[in-house]
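Structural overview
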Amino acid sequence: MEVGAGAEAEPLLPPRSWRAGRGLRRAGGGARSAAEGGTGADNDLYINQAVVFIEDAIQYRSINHRVDSKSLWLYRWYYSRTCQWILSLTITVILALAFIEKPSSLTITSDVRYRLPAWNPPCGLTESIELICFLVFVVDVSVKSYLIGWEEFWKNKWLMAYILTLIVSLADWIVSLSFFCTEDVRIRRILRPFFLLQNSSMMKKTLKSINSTLPEMASVVLLLAVHLSLFTMFAMLLFARTKDGQQDKEWVVYFRNLPDSLTTLLVLLTTANNPDVMIPAYSKNRAYSIFFILFTVLGNLFLMNLLTAIIYNQFRGYLLKSVQSSLFRRRLGIRAAFEVLSSLKETPGNAQQSCVSVGALLQVLQKVEMDSRCQQAIMRSLKTCSCDQLSAAQFQKLFEELDKDAIKQHPPSPEYQSHFMQKMQFAFGHPYFGYLGNVVALANIVSICVVLVMDADKQPSERDDFFLGAINCFFILYYLLEMMLKILAMGLKRYLSYPSNRFDGLLTVILLVLEIATFAVYGFPHPGWRPEFMGLLSLWDMVRLVNMLIVFRFLRIIPNMKFMALVVTTLLDLVKNLRAFAGILVVVFYAFAITGIMLFKGAVVPLGNMSAVNTTYNNGTLQCGTYEQLEYWPNNFDDFAAAVVTLWDVMVVNNWQVFLEAFSRYSSPWAKIYFVAWWLISSVIWVNLFVALLLENFIHKWDRRCHREPLSDIEYQRTVELMFRDVLEEPTEEELMEKLHQHPHLHLCR
């Protein structure tokens, strides 16, 4: 969470209603106003305030925090890399405790048939680690509360929830120790994801956006519920029990009662049990297929996709709104720095408008922690500036350097004097040489596929690896030659400046080392080469490893295929810039996994102990498609790691009806509510949200691709903030001054 995030509850942008002539006075956290005369201490305070405001602007942080000298020192200390690293490490550690505390995940397998007793830490070990984490969180919330001020604290619901979570967690921790760690229910484990959630303003904004989407989603979910209920009643009437028991298979298996009927059609909504659910009735009369087709078309093709459309429509402007908010915070931080710097003693008193001296700004820049590229660019602009004083517009324009693309320019190629070397450089530096390498890599992949198809049915003792070893040797030598020729043409520095070349070169070196190791152990390829086991790996293992790396190396073609490169860069941008949504998924996974452990730990019993389970089997034969017949034993909630994997399998919704049926049978019929809730939150809401963001990211990248092709010699390293830079609305001076006037600790006077 950002300090001063009392702004979390404030509007995204201030209203466009600036009233002219509003009296503002300059002071900082109790410091005397410039009109009363500034001292050296005042000047130092203004400099430090400007430094902090600029750093807030760089990091898109709120400026609503205390601005007196001691608070500024504490603020910079809190946001230092060391403190933030400690806080992130603490959150990681307390979340990771779920893997080692009872029930521990420290076993090779989660299969209840083969799992050995897990090592469980002694009482007090994980509790001691928890206490240290709680103490760090207490310091964290104390510093945040102090920095935003008591008045803002009562407006900040996140901080109050933070304190409440700590109080409940500490109380539960004391209860655990009083019971000598033997209690099964630990409330504080469910609350742990909150520590991750409250530390990310993006995650909180995402939750806020999801919350605003719920009314629209609720209407579609209600339609789905009506659709499901109506077809359930139709199904129970259509497939009612008859006198002929042999013809009642549809009723016996799928529509025996109301809960089973609802569950069957809910699963059919995800198509996980299609066409199995239809076959018994369809085999009697083909007209029954109309019922199932109609249900699937209305529910899956219309209503479920309508839900996706609503989520996308709500979130398609989400990134733009967030970036607009970030831009406003940046402009506000820069303007706040200008206002406090214009209060310095050396500022001319007879100036028609507020201004800042170049010397004061240079002094500030030397203290600010920022990217060296931006810092040098701003300093160069200042040194070339002919004026000694900067207006607000000039000051803001200087810091627009922060908004520019990070440009990585590749080193120049070497200049050869020899005419022959120049021709070599032209030939092997040409793009066609790279295309030739791609063709050779494709030929290598095809040859490996041919050999694998030919040897698919052969026993290991019947295989002859001579052909595969020979072609691998030939292609690896070509890759080595290609790499050396490219280095000759481009120079080592330029060659290594391209990520694709680094990837290509690294795999080539690894392939060469493996090939040399293979020759050293087994000799050169020859007819009758056998995969005998010698040393660490058999020949067959080494050949397989080489071939896997060759297949992986084929990814080098991606940069040469523009559309594929666009898709890959879109995915990479999602990984780098949309971490908040992955964080939301971690929070939901964690909470549901802990809840699942509390509800279903030890519920699944292996077949040898089936006497304890209320179930029957026909002559000991397992029914096809059940949890036991499919051997889903590793999917359980006996420890945290197994619970996470089980939840993932349910989220994918393939065969998720197996989990519904099994855990309802092993524990309680009410277990279905848990799995349906997980399906709604993960598969329906989160996955659709991710699809919406993926589309938004891809569409913007596609639009930019159509309007601008980067130069071949320059790489543009874009972030989400820069992606929308050309469509953002710049805040006006009235908006900025209105917001500054609302600052709880900084009072300005003009």
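Above this text sits the structure in question.
The sections below set out a description of the structure shown in this document. Along each chain, residue indices are assigned from 1 in the same order as the chain's sequence is written. A pLDDT threshold of at least 70 governs which residues receive local features in this predicted model, and a stricter bar of 80 or more applies before side-chain atom pairs are shown or counted, although totals over entire chains, interfaces and linings include all residues. Each side-chain value is worked out from all heavy atoms of the structure, with water and hydrogens disregarded.

Now for the overall build of the chain. Here a strand is any run of E in DSSP of at least two residues, a helix any run of H or I of at least four, and the numbering for each starts at the N terminus. What the chain contains, in helices and strands, is 30 helices and six strands. Here the term buried applies to any residue with accessible area under 20% of the maximum for its type, exposed to any over 50%, and partly exposed to those in between, with areas from a 1.4 Å probe on protein chains only. Classification of the 750 residues of the chain by burial places 47% in the buried group. Pairs of residues are marked as contacts when any of their non-hydrogen atoms sit within 4.5 Å. In the chain, once contacts between residues fewer than 6 apart in sequence are set aside, the share between residues at least 24 apart is 76%. About 38,400 Å² of surface is accessible on the chain, with carbon and sulfur atoms providing 64% of the total. Note on areas: these come from Shrake-Rupley sampling with a 1.4 Å probe, and a residue is covered only by the protein chains present in the view.

Another aspect to go through is the side chain of serine 357. The topology assignment puts serine 357 in strand β2 (residues 356–357). Serine 357 sits in the buried class, given a relative accessible area of 11%. Here alanine 360 takes part through its backbone nitrogen, which lies 3.2 Å from a polar atom of the side chain of serine 357. Two N or O atoms form a polar contact when they lie within 3.5 Å of each other; inside protein one atom must be a possible hydrogen donor and the other a possible acceptor, and for residues adjacent in sequence the pair counts only when both atoms belong to side chains.

Looking at the element boundaries, valine 136 is found in helix α4 (residues 125–148). The exposure class of valine 136 is partly exposed, given its relative accessible area of 24%. C-alpha of valine 136 to C-alpha of threonine 90: the two residues are 46 residues apart in sequence and 7.4 Å apart in space. In contact with valine 136, not counting residues within four places along its chain, are Leu87 and Thr90.

A word on the state of the cysteines. A pair of sulfur atoms, both from cysteines and within 2.5 Å, is called a disulfide here. Applying the stated criterion to the full structure yields one disulfide. Residue pairing for cysteine 123: its cysteine sulfur links by disulfide to cysteine 181, the two sulfurs lying 2.0 Å apart. Where cysteine 123 bonds to cysteine 181 through sulfur, the torsion about that S-S bond is close to 60°, and the disulfide is right-handed. Here cysteine 123 is found in the loop between α3 (81–100) and α4, whereas its partner cysteine 181 is found in the loop between α6 (157–178) and α7 (187–191), with 58 residues between them in sequence. The class of cysteine 181 is buried, set by a relative accessible area of 11%.

Now for the packing of helix α2 (residues 69–78) against α4. In this description, a line fitted to the C-alpha atoms serves as the axis of each element, helices being fitted only across the stretch in contact, and the angle between N-to-C directions of two axes falls anywhere from 0 to 180 degrees. Contact geometry for α2 and α4: axes closest at 11 Å, N-to-C directions at 140°. Our classification of the angle between α2 and α4 gives oblique. In this structure, α2 crosses over α4, and the sense of that crossing is left-handed. Residues Ser71, Leu74, Tyr75 and Tyr78 of α2 pack against Asp140, Val143, Lys144, Tyr146 and Leu147 of α4. Tallied by class, residues from the contact of α2 with α4 come to six nonpolar, one polar and two charged. What sets the label is the angle itself: under 35 degrees gives roughly parallel, over 145 gives roughly antiparallel, 65 to 115 gives roughly perpendicular, and the rest give oblique. We call a crossing left-handed when the near helix sits turned anticlockwise from the far one by less than a right angle, and right-handed when that turn is clockwise. Polar here means any residue other than Ala, Val, Leu, Ile, Met, Phe, Trp, Tyr, Cys and Pro, which are nonpolar, and Asp, Glu, Lys and Arg, which are charged; Gly is therefore polar.

With that settled, the discussion passes to the side chain of threonine 126. Secondary-structure assignment places threonine 126 in helix α4. On the basis of relative accessibility, which here comes to 3%, the residue threonine 126 falls in the buried class. Filtering out sequence-adjacent residues up to four positions away, threonine 126 remains in contact with Leu97, Ile100, Glu101 and Pro121.

Here we come to the pattern of salt bridges. For salt bridges, the criterion is a side-chain nitrogen of Lys or Arg within 4 Å of an Asp or Glu carboxyl oxygen. Enumeration over the complete set of coordinates arrives at 21 salt bridges. As a salt-bridge pair, arginine 188 and glutamate 130 come within 2.8 Å of each other at their nearest N and O atoms. Here arginine 188, found in helix α7, pairs with glutamate 130, found in helix α4; they are 58 residues apart in sequence, far enough to count as distant. Judged by relative accessible area, arginine 188 falls into the buried class, the value being 0%. Taking relative accessible area as the criterion, glutamate 130 reaches 0% and is therefore assigned buried.

What follows concerns the nonpolar core. Among buried residues, the Ala, Val, Leu, Ile, Met, Phe, Trp, Tyr and Cys ones that are joined through side-chain atoms within 4.5 Å form a nonpolar core. Membership of the largest hydrophobic core comes to 138 residues, with the highest contact counts inside it found for Phe137, Phe395 and Phe399. For this core, the leading source of residues is helix α25 (residues 579–600), giving 13 residues. With residues up to four places along the chain from it excluded, the contact list for phenylalanine 137 reads Leu87, Thr90, Ile91, Ile94, Tyr162, Leu166 and Phe195. Judged by nonpolar contacts, the second largest core, of 19 residues, contains Phe428, Val440, Met483 and Leu485.

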